[in-house]
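What follows is each chain in one-letter form.
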Amino acid sequence: MKILLPPSETKRPGGAGAPLDLEALSLPGLRNERQAVVNALIELAADEEASRRVLKLSVTQAGDVAHNRALAVSATMPAVDRYTGVLYDALDAATLPLASRRWLSSHVWIHSAPFGPVGALDPIPTYRLAAGVSLPGVQALRRHWSGATSTAIEAEEPDFVLDLRSEAYVALGPVPTSVPSAYVRVVTEHGRALNHFNKKSKGLLVRALAEDRARVRSRRALLTWAHERGFVLRESSDDAVVELVVSE
């Protein structure tokens with residue numbers, strides 16, 4: 001199984017890893033697309049005013065432009081440690097045992113805007129770029145990434161993909177129809193979509209999978225594991241979706 005997670009706008013600064021090495025990232029078929037976005041971000045960052053306009057940043061967020069300017073030379077850290085926010089606080093990967101972190105490395109992709117999906121332990125620098133940006137020098141990110149990412153996912157030949165991304169990041173690379181998959185929607189017992197508990201619930205789900213180092217190779221196996229683990233994960237009226245049921 002592969003799990004697709006969204007990134008987070010908030011990121012932990014710094015790092016102890018060597019500068020970005022695109023050759024070291026998962027899904028190597030995306031190498032050219034990654035290089036194009038990195039180059040465009042660095043070039044844009046040379047003009048702070050243009051960067052703030054394109055990236056929709058306030059004057060107080062000028063530091064994010066500096067991060068983009070140093071994208072190729074700044075320190076890195078594992079992607080799952082780089083991102084912060086509700087989902088990643090719930091996942092709390094830093095407190096997982098080494099074996100569980102290795103499980104994350106083998107089973108989790110985090111879908112970033114500048115690098116596409118990367119492995120959970122792939123080293124990345126901090127940056128500022130959201131899914132909906134039209135980056136000068138690169139076509140709209142949706143067009144830039146969508147086909148290439150779907151092809152790269154298919155090339156990995158996963159048995160099953162669990163998609164926990166937001167719709168904005170799904171648009172940057174839909175799971176191919178040839179790959180068995182399920183999109184997770186967080187709902188109440190009566191089927192009402194929940195926004196407040198959405199990210200936290202997904203983070204807790206992935207943490208539990210990592211703690212168990214779960215061996216899940218199909219939708220049915222996932223539902224069985226969830227039931228045994230105490231998660232309410234159920235089929236929905238949409239064959240492409242499974243519902244993660246949480247209390248309000």
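The sections below set out a description of the structure shown in this document.

The subject of this paragraph is the pattern of salt bridges. In total, this model carries ten salt bridges according to the counting rule given. In this structure, Arg229 and Glu211 form a salt bridge, with 2.8 Å as the shortest nitrogen-oxygen distance. Taken as a pair, Arg229 in helix H10 (residues 219–229) and Glu211 in helix H9 (residues 198–212) lie far apart in primary sequence, 18 residues in all. In this structure, Arg219 and Glu235 form a salt bridge, with 2.9 Å as the shortest nitrogen-oxygen distance. Note that Arg219 is positioned in helix H10 and Glu235 in strand E8 (residues 232–235), a separation of 16 residues in sequence. The buried category is assigned to Arg219, whose relative accessible area is 16%. The exposure class assigned to Glu235 is partly exposed, which follows from its relative accessible area of 44%.

With respect to topology, seven strands assemble into an open sheet ordered E4-E3-E1-E6-E7-E9-E8, the strand pairing being mixed. Of all strands in the sheet, those bounded by a partner on one side alone are strand E4 (116–119) and E8. Strand-to-strand twist of the sheet, defined as the mean angle between neighbouring strand axes without regard to direction, takes the value 30 degrees. Note: strand E1 (residues 2–5) against strand E6 (residues 161–163), three bridges, orientation parallel. Looking at the pairing, Lys2 lines up with Val161 of E6. Contacts from helix H6 (residues 98–107) reach E1 and strand E3 (108–112), with the element oriented near 60 degrees to E3.

Further remarks concern H6. All buried positions along H6 are accounted for by Ser100, Arg101, Trp103, Leu104 and His107. For H6, the angular spread of buried residues about the axis comes to 150 degrees, placing them on one side. Opposite its buried face, H6 presents the exposed residues Leu98 and Arg102, each directed more than 90 degrees away. Those residues of H6 that are buried lie in contact with E1, strand E2 (77–78), helix H4 (79–82), E3 and H9.

Let's shift gears to the packing of aromatic side chains. Following the criterion strictly, the structure yields four aromatic pairs and no others. Look at Phe115 and Tyr127: their rings are 5.7 Å apart centre to centre, the planes differ by 80 degrees, and that puts the pair in the edge-to-face class. In this pair, Phe115 is assigned in the loop between E3 and E4 and Tyr127 in the loop between strand E5 (123–124) and helix H7 (141–155), connecting sequence segments twelve residues apart. Exposure class is identical for Phe115 and Tyr127. Each is buried. An aromatic cluster of at least three residues, connected via ring pairs, comprises Tyr83, Tyr88, Phe115 and Tyr127. Here the guanidinium or amino end of Lys11 rests over the ring plane of Tyr127, the centre of that ring lying 4.4 Å away.

The next point concerns the environment of Phe231. Of note, Phe231 is situated in the loop between H10 and E8. Discounting residues that sit within four places of it in the chain, Phe231 has contacts with Leu204, Leu205, Ala208, Trp225, Ala226 and Leu244.

Right, let's get into the nonpolar core. Counting 76 residues, the largest nonpolar core has Ile3, Leu5, Leu104, Phe115, Leu129 and Leu162 as its most contacted members. Residue contributions to this core peak at six residues, all from helix H1 (residues 31–45). Filtering out sequence-adjacent residues up to four positions away, Leu104 remains in contact with Val80, Ala93, Leu96, Ala120, Val206 and Ala210.

Now for the pairing of E1. Alternating positions in E1 separate into two faces, Lys2 and Leu4 on one and Ile3 and Leu5 on the other, with burial throughout. Note that E1 and E3 share three bridges and pair parallel. Within E3, the position partnered with Leu5 by the bridge is Ile110.

Rules of the game
- Residues numbered from 1 in each chain as written.
- Predicted model: local features only at pLDDT ≥ 70, side-chain atom pairs only at ≥ 80, totals over all residues.
- Heavy atoms only, no water.
- Salt bridge = Lys/Arg side-chain N within 4 Å of Asp/Glu carboxyl O.
- Helix = DSSP H or I, 4+ residues; strand = E, 2+ residues; numbered from the N terminus.
- Buried < 20%, exposed > 50% of the residue type's maximum accessible area, 1.4 Å probe, protein only.
- Pairing = 2+ DSSP bridges.
- Axes fitted to C-alpha atoms, helices over the stretch in contact; angles between N-to-C directions.
- Contact = heavy atoms within 4.5 Å.
- Arc of directions from axis to C-beta.
- Phe/Tyr/Trp six-rings, centres within 6.5 Å; stacked < 30°, edge-to-face > 60°.
- Lys NZ or Arg CZ within 6 Å of the ring centre and 35° of its normal.
- Core = buried A, V, L, I, M, F, W, Y, C linked by side-chain atoms within 4.5 Å.

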